[in-house]
Amino acid sequence: MARYTKTGTPNTVGEINSQLDLISTAIADTLSRKGDVPNQMETSLDANSNRILNLPKPLSENEPARLSDLAGSSISVASAITTVDLIASTTVYLSNTIVTTNGYTASGDSGKGDWKQNGVINQTVSQSPAQLAAPLLNDASGNQWALVQGSGGSLSQLGVDNITFSIPTAFPTISSAINFLSGFSPKTNQRVTLSLETGFSMQEQVFVYGINLGWITISSVDAEVNVARSSLTTVLGSLDTSRPAFGGINCVMPKINVLFRMDTSGSAAGRQDGLFVENGKAIVLSGAGFQDFTEVGIYANSGSEINAEGSLCSGNGVYGYFAFKTSSINCQNAIANNCGQYGLYVNRASQGSANGATFNNAGVNAVRIIRGSALSWENGVGTGSGAEGIFALSSTVQALGANVSGSTGSGVYAHDVSTVGFRNGNASGCGGTASLWAFRGSTIDADNATVSTSSGSTAAVLAQRASTINFQSGTVNPSTSPRGIRASEGSTINAVSANAQTTASPLTSDATVFAGGQLVFTSGTGGVSQTINVLAAEGVIYQ
C-alpha cells in the first residue's frame, strides 16, 4: 500500500493539490470498514501474531473457521515425521486431526500410516501400539491416537510383526476386530492373535467374504467359550439354511484355537452351525472346535478345505463333521462323540481324512460316506452307533484297525459298488443284517477282523449280489447269529484260516453259501453248509 508522507511545506495552490493527490492515493489503498470499493487485498495480510476476533460462523468453503467450528471434524495433516516421532511428540493438535506418518521408525520403511487423535487425553505418555496391545499410540503429551481403519499397509504400521489384541479390551467384538484387520495386507511373516478374555461370551456371527485372513488366529483365555444361540440368526451360503457362528465364502478364514460351546438361549428353530465354509479354507487347531450346536460342528461346502486335526466336535445335533460337494475335511485324531446322527459325513465326491478319530455313540452312523466320496479312517473308533458303524454307498473307505463294535446295525455296510478296507478291525456285538455286509457289487477287505452279531442277523459276515469279502484269518466270536459266514447270490468270501464257528461245536450254519455263492474256507474253523469242493445249486465251498 502506498503510504502518505508529507514532503516540504506547500505554499502554492499547485503544491497543495499535489499533496492532496498523494493523500487520495493513500486512502484508496486502505481497507474500508464500511466496505467501500475497492476493498480487497492485493497481497498477504500479516496479523503479526495478533488475533482476529468476533468472526461469524462460516457459511461457505472459502470462509475462515473458528476453533468451535472444528470440534468433531477431521483435519488431515501431511507430515514429515515417523510414527516413532509422533509417539515422542508434544505438538498440540486438535481432536480428530489425522497425521499421516512417512514410516514407523524411518521414512519409507513400509510402516507409514494415518493416525487420528481420538480425543482421549491424560494417558500414559509415549506408548507404542505393542505396549498398548491395540492399534493405538499415546504421544508425549498423553494424547491418544488411533490407526485409521482401512488405511492399508501391513502390520509394520504398528511397529511389529506379531501382536495380540484382547477382546473386548482392544475391540468390543470379534467382528469389529476382523473388520478393522481386513484393511491390512500383511507381510508373509506377520501374524495377529485375537485373544478372547476371561468370561467372554460370543453374541455375534462372524462372516468373512473374499479375503485371506489366515494370518489371524482366534484364541481364548478360558478353556471353553460360550456362544449364545440367540445370536445365530443370519443365514449364510448357497444352501440357505446354515446360521453359523463363523462363516466364510470364497475366503481363507481366521485360524480357530478356541473350543466354542453353544448355549440354549433363544429359539432352537432353524439350523445353528459352528463353522461353515463355502468355496474357502479354514484351520481349526487341535483342542479347539464347536460343540452342542443344533446341526453341524464343522461344515465344508462346495469345494472347501478344512484342516481340523485333533479338533473337538462332540454333542452336535446332527453332524460332528460334514464335507459336501467336492470338499475335504482333515479331522485326524479328532473327537465327535454323542452326535445326533453322524460323527463324520462325507457326501458328493468329497474327501475325508480321519485316521485315529473317535466318533462314539452316533445316533445313526459313526461315519457315512456316499456318492463317490472317499475316507481314510485307520485306527478310528466309532462304537455304539444307532445304526451302522461304517456306511459306504458308491464310495471308498480305508478303515484298517477301526473299532465299530456295539453298533445297533451292521458294523460295516458297503453298498452299491463300494470298497471298505477293514483289516484288523473290530465289529463285535453288532446287530442289523450282518456285522460285515457287502451288497451290490461291493468289496470289504476284513482280513484278521473280529466280528459277532445278534440273533436277528442273517450272518456275522455276509456278501450279497456279486460282492466280495476278504475275511482271511478273521474271527467270528461266539454269538447268537444263525450263521457265521455266508456268500450269497454270486458273491465270494475268502475265509482262509478264518474261525466261523458261532458256538462251542461246529454247525452247518457256520460257513454257508446260497444262490451261487463261493466260499474259500481252506484251513477254516467251523462247520459247513454242504459238501466241500463240490459245486451245488447253492454254490461251492472250497476247503
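What about the sheet that holds strand β30 (residues 426–430)?
Logical step 1: One open sheet holds the three strands; their spatial order is β30-β33-β36, and the pairing between them is parallel. Bordering the open sheet on either side are β30 and β36 (475–476), each of which pairs with just one other strand.
Logical step 2: As defined by bridge partners, β30 adjoins strand β33 (residues 450–453) across three bridges and the pair is classed as parallel. Looking at the pairing, Cys430 lines up with Thr453 of β33.

Here's the deal with the pattern of salt bridges
Logical step 1: One pass over the structure, following the stated rule, counts seven salt bridges.
Logical step 2: Of the charged contacts, one joins Arg271 and Glu295 as a salt bridge, the two residues approaching to 3.9 Å between their closest N and O atoms. With a gap of 24 residues between them, Arg271 in the loop between β14 (259–262) and β15 (272–278) and Glu295 in the loop between β17 (289–291) and β18 (296–301) connect regions that are remote in the sequence.
Logical step 3: For Arg271, a relative accessible area of 11% puts it in the buried group.
Logical step 4: In this structure Glu295 comes out as buried when scored by relative accessible area, which is 18%.
Logical step 5: Ionic pairing is found between Arg465 and Glu489, a salt bridge with its closest N-O pair at 3.7 Å.

Considerations on a nonpolar patch on the surface
Logical step 1: Taken together, the side chains of Tyr4, Ile16, Leu20, Leu22, Ile23 and Ile27 define a hydrophobic patch exposed on the protein surface, amounting to about 520 Å² of accessible area.
Logical step 2: Tracing the sequence through the fold places Ile16 in helix α1 (residues 13–28).

Topic: helix α5 (residues 174–181)
Logical step 1: By the criterion of burial, α5 is predominantly enclosed, with six of the eight residues buried.
Logical step 2: Buried within α5 are the following residues: Ile174, Ser175, Ala177, Ile178, Phe180 and Leu181.

Parameters at a glance
Residues numbered from 1 in each chain as written. Predicted model: local features only at pLDDT ≥ 70, side-chain atom pairs only at ≥ 80, totals over all residues. Heavy atoms only, no water. Pairing = 2+ DSSP bridges. Helix = DSSP H or I, 4+ residues; strand = E, 2+ residues; numbered from the N terminus. Salt bridge = Lys/Arg side-chain N within 4 Å of Asp/Glu carboxyl O. Buried < 20%, exposed > 50% of the residue type's maximum accessible area, 1.4 Å probe, protein only. Patch = residues over 30% accessible without salt bridge, like charges linked within 9 Å, V, L, I, M, F, W, Y side chains within 5 Å. Areas by Shrake-Rupley, 256 points an atom, 1.4 Å probe, with all protein chains shown as cover.

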